[in-house]
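# What the coordinates show
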Amino acid sequence: MPPSQLRAQVIRRGAPDIRVFMAFAGPNRLRAPICEAMHWPWLARQLPRWDLRSGDRRAADAAPRGHAKSTLETFFRPLHDIVYGKEAFIVIFSATETQAIDFTRDLHNELSEPTSDVSKWFGPFIVSGGPSDFVVKAPLGPAFGSRVLARSVGQQIRGAKHAGWRVSKGILDDIEKLESVRTPSQRQKLAEYVERDILQSGERIGSRYTAIRAVGTILHPDSWLANAIKNPAWNGKKYKAIPKWPSHPERWEALRQLWADIDVPEESRLNLLNLEYRGRQAWYDEGGEVLWSEANNLLDLHTILWSDGEWAFNAEMQNDPKTTLFGIFDVAGFKRCKVDNERITWADGKRAPHAEFEWAGWLDPIPPDGSGDYASIAVLARHRTTGRRAAVDCELFRGAPSEQVDRIWLASDRWPHLQRFGFEDNGFQRVVADYFERSREARRKADKSADLRLIGETSTDNKESRIASLQPSLWHGHMQIADSISRDVIGQFRDFPGGSHDDAIDAIERADHLIGHRVISTSAPAWVHRDRLDSSGSNRDG
């Protein structure tokens with residue numbers, strides 16, 4: 001068949017069947033064939049051209065992370081709409097402006113590049129404007145072109161038009177983030193924005209022809225997406241990466257123990273795991289079901305579960321976030337180690353001397369006036385070969401900055417291999433740093449060790465998510481808790497995130513974070529703020 005005839009046939013067949021369009025417009029975009037249980041029902045939702053339809057068209061789906069929801073609904077679908085002139089004005093919403101622009105930039109790049117697959121088969125296109133707001137004139141589209149605009153949640157959109165037309169399609173892709181769903185007032189604020197600025201009759205972004213498509217992951221049972229899916233005004237569904245779990249969890253527990261045995265070199269361990277699973281896959285999989293079996297098997301998904309932990313897996317892969325105030329950490333299952341002045345003895349009886357570990361500590365300080373929660377100091381050690389960590393020390397106390405610094409030096413004296421100490425830079429770091437430098441000079445004059453590095457750091461991550469990230473390490477015994485650590489600290493794990501205090505486990509998480517970084521260069525100042533260090537460890541401010 002001559003190339004011109006083949007091209008004409010592809011264009012003709014791609015109009016009613018988006019799967020044909022995808023095969024030619026982006027053959028390498030999907031990592032596996034489409035999921036018949038999820039992707040095909042989405043792709044089958046074909047809408048008339050914007051000026052030929054009437055009434056609201058609303059669809060909302062919750063899909064697991066990594067299941068191509070954005071690839072299909074925020075790339076291929078609007079690309080198909082533009083090529084065939086089905087939409088006059090598309091707005092892509094996301095939780096942040098950067099995220100929204102990433103989506104529109106992807107479309108802009110493909111349509112602007114003459115050698116891209118979509119241009120070769122369906123172009124040429126004339127693109128005017130930048131990645132966040134542009135107009136595309138396609139051979140089969142309207143003469144005035146199709147406009148694409150990026151918007152973050154909260155940005156003004158009402159009244160926006162293109163060639164006299166209001167927004168014809170709004171795509172809401174991951175418009176929620178953890179910080180926007182934690183409290184009822186935050187969830188209400190987002191819901192009001194969607195209703196007021198996107199959906200509300202008379203004042204919404206579109207008119208009788210406006211279509212709204214929402215995709216994302218459910219971050220809270222009362223989130224906007226969770227409620228939209230349950231609303232009969234929306235066409236949608238919640239999908240789980242594992243709709244049915246295998247019938248014999250004890251078989252998978254044996255595989256987990258093999259996966260988690262970090263005393264075995266990683267390459268050997270993973271090879272053994274894969275050989276065991278492939279050799280008896282049907283036996284392990286018995287009774288189980290995978291949503292996107294073309295892309296994942298049950299071992300792939302269990303590996304994500306073991307790596308990320310149950311709390312994260314339930315939210316991101318099963319769309320089943322847990323709101324219980326207790327239960328993220330199974331403290332009864334914690335592996336406990338013994339720490340003496342010379343060695344660490346793991347829960348299985350294996351021992352290693354202190355010199356085989358990298359050591360780091362963390363101070364979660366309180367202000368000079370003593371207000372706020374307790375101050376907390378945690379010390380962690382990580383084995384240089386296996387990577388297993390031990391929380392060797394953790395204490396809660398109240399005291400002035402001078403006492404907080406004194407406790408750092410006490411920890412340094414008790415654990416001579418301690419190399420660096422971090423602390424939460426929360427506005428009064430100079431007070432702590434000044435006390436630390438004065439005490440360092442005093443120690444030097446007294447011929448005491450004074451080489452400890454103090455590192456100030458400001459965390460911008462959500463504290464609850466940070467602490468919860470410890471769950472898989474504690475589950476698998478990759479982090480073990482010294483049996484000398486107090487019941488109060490273990491109680492904070494047990495009660496998290498609904499307990500009255502989390503200072504100690506926050507300090508443990510921050511020490512674990514710090515120990516994951518290389519030792520600060522000895523050429524750096526004795527006290528540095530991490531924001532002032534570039535990747536090489538040099539001080540950018542000189």
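Here the structure is shown first, and the text comes after it.
Within each chain, residues carry numbers counting from 1 in the order of the written sequence. Totals for whole chains, interfaces and linings use every residue, but because this is a predicted model, local features are given only for residues with pLDDT of at least 70 and side-chain atom pairs only at 80 or more, for both listing and counting. Based on all heavy atoms of the structure, the side-chain values leave hydrogens and waters out of the count.

## With respect to the nonpolar core
Just so we agree on the cut-off: Throughout this description, the term nonpolar core refers to a set of buried Ala, Val, Leu, Ile, Met, Phe, Trp, Tyr and Cys residues connected via side-chain atoms within 4.5 Å. For the exposure calls, accessible area comes from a 1.4 Å probe over protein chains only, and a residue counts as buried if that area is under 20% of its type's maximum, exposed if over 50%, partly exposed in between. Runs of H or I in DSSP of at least four residues are treated as helices and runs of E of at least two as strands, each being numbered from the N terminus. We call two residues in contact whenever any of their non-hydrogen atoms come within 4.5 Å of each other.
In this structure, Phe-329, Phe-421, Phe-493 and Ile-508 are the most contacted members of the largest nonpolar core, which totals 57 residues. No other element matches helix α19 (residues 503-515), which puts seven residues into this core. Apart from the residues lying within four places of it in its own chain, the contact partners of Ile-508 are Ala-378, Leu-380, Cys-394, Leu-470, Met-479, Val-489 and Phe-493. Core analysis: the second largest hydrophobic core is formed by 39 residues, Ala-32, Leu-43, Ala-63 and Phe-76 among them.

## A word on the packing of aromatic side chains
Rule in force here: Planes of paired rings set the category: under 30 degrees apart is stacked, over 60 is edge-to-face and the rest tilted, where pairs are Phe, Tyr or Trp rings (Trp by its six-membered ring) whose centres lie within 6.5 Å. The rule for a charge over a ring is simple: NZ of Lys or CZ of Arg within 6 Å of the ring centre, and within 35 degrees of the ring normal.
Tallied over the entire structure, the rule returns 23 aromatic pairs. Between the aromatic rings of Phe-75 and Phe-76, the centroid separation amounts to 5.1 Å while the plane-to-plane angle is 70°, which identifies the pairing as edge-to-face. When sorted by exposure, Phe-75 lands in the same class as Phe-76, which is buried. Relative to Trp-234, the ring of Trp-224 lies with its centre 5.5 Å away and its plane at 85°, an arrangement referred to as edge-to-face. One end of the pair, Trp-224, is in helix α8 (residues 224-230); the other, Trp-234, is in the loop between α8 and β10 (235-238), and 10 residues separate them in sequence. Residues Trp-224 and Trp-234 agree in their burial class; the two are buried. Cluster of aromatic residues (ring-pair linked, three or more members): Trp-50, Phe-144, Trp-165 and Tyr-209. Seen from the ring of Trp-42, Arg-213 lies directly overhead, with NZ or CZ sitting 5.2 Å from the centre. Taking the ring centre of Tyr-435 as reference, the NZ or CZ of Arg-438 above it sits at 4.8 Å.

## Quick look at the layout of surface pockets
Cut-off, in case you're wondering: A cavity here means a set of 1 Å grid points, computed over protein atoms only, where a 1.4 Å probe fits but cannot escape. A pocket is an open set with protein on both sides within 12 Å along at least 5 of 7 lines, and lining residues have an atom within 4 Å of a point. Grid points are joined across faces, edges and corners, and a volume is the space filled by probe spheres set on the points.
In this structure, the largest pocket encloses a volume near 880 Å³. Around the largest pocket, the lining comprises 42 residues; the ones closest to its centre are Leu-178, Arg-182, Leu-219, Trp-311 and Ala-315. Listing elements by their share of the lining of the largest pocket, those giving two or more residues are β8 (169-173), β9 (211-216), α8, α12 (298-308), α13 (310-316), α16 (463-468) and α17 (471-476). If one sorts the elements of the lining of the largest pocket by residue count, α13 sits on top with four residues. Put simply, the second largest pocket is a space of about 410 Å³.

## Structural notes on the packing of helix α9 (residues 249-260) against helix α10 (residues 266-279)
Rules: The convention used is that axes are lines fitted to C-alpha atoms, helices contributing only their stretch in contact, and that angles between N-to-C directions extend from 0 to 180 degrees. Angular relationships are summarised with four words: roughly parallel below 35 degrees, roughly antiparallel beyond 145, roughly perpendicular across 65 to 115, and oblique for the angles in between. Gly counts as polar in this scheme, as do all residues outside two lists: the nonpolar Ala, Val, Leu, Ile, Met, Phe, Trp, Tyr, Cys and Pro, and the charged Asp, Glu, Lys and Arg.
Look at α9 against α10: their axes get within 9 Å of each other, and the N-to-C directions meet at 160°. With respect to their mutual orientation, α9 and α10 come out roughly antiparallel. Residue-level inspection shows Trp-252, Leu-255, Leu-258 and Trp-259 of α9 in contact with α10, the latter providing Arg-269, Leu-270, Leu-272, Leu-273, Glu-276 and Tyr-277. The residue inventory of the contact of α9 with α10, partitioned by class, reads eight nonpolar, no polar and two charged.

## Regarding helix α1 (residues 3-14)
For clarity, the cut-off: Expected helix span is computed as 1.5 Å times (number of residues minus one). Throughout, the arc means that of the directions going from the helix axis to the C-beta atoms.
With 12 residues, α1 should reach 16 Å at 1.5 Å per residue; the first-to-last C-alpha distance of 16 Å fits that figure. Those residues of α1 lying buried are Val-10, Ile-11 and Gly-14. Projected down its long axis, α1 carries its buried residues within an arc of 95°, all on one side. The elements touched by buried residues of α1 are α2 (18-25), α4 (69-83) and α6 (117-122).

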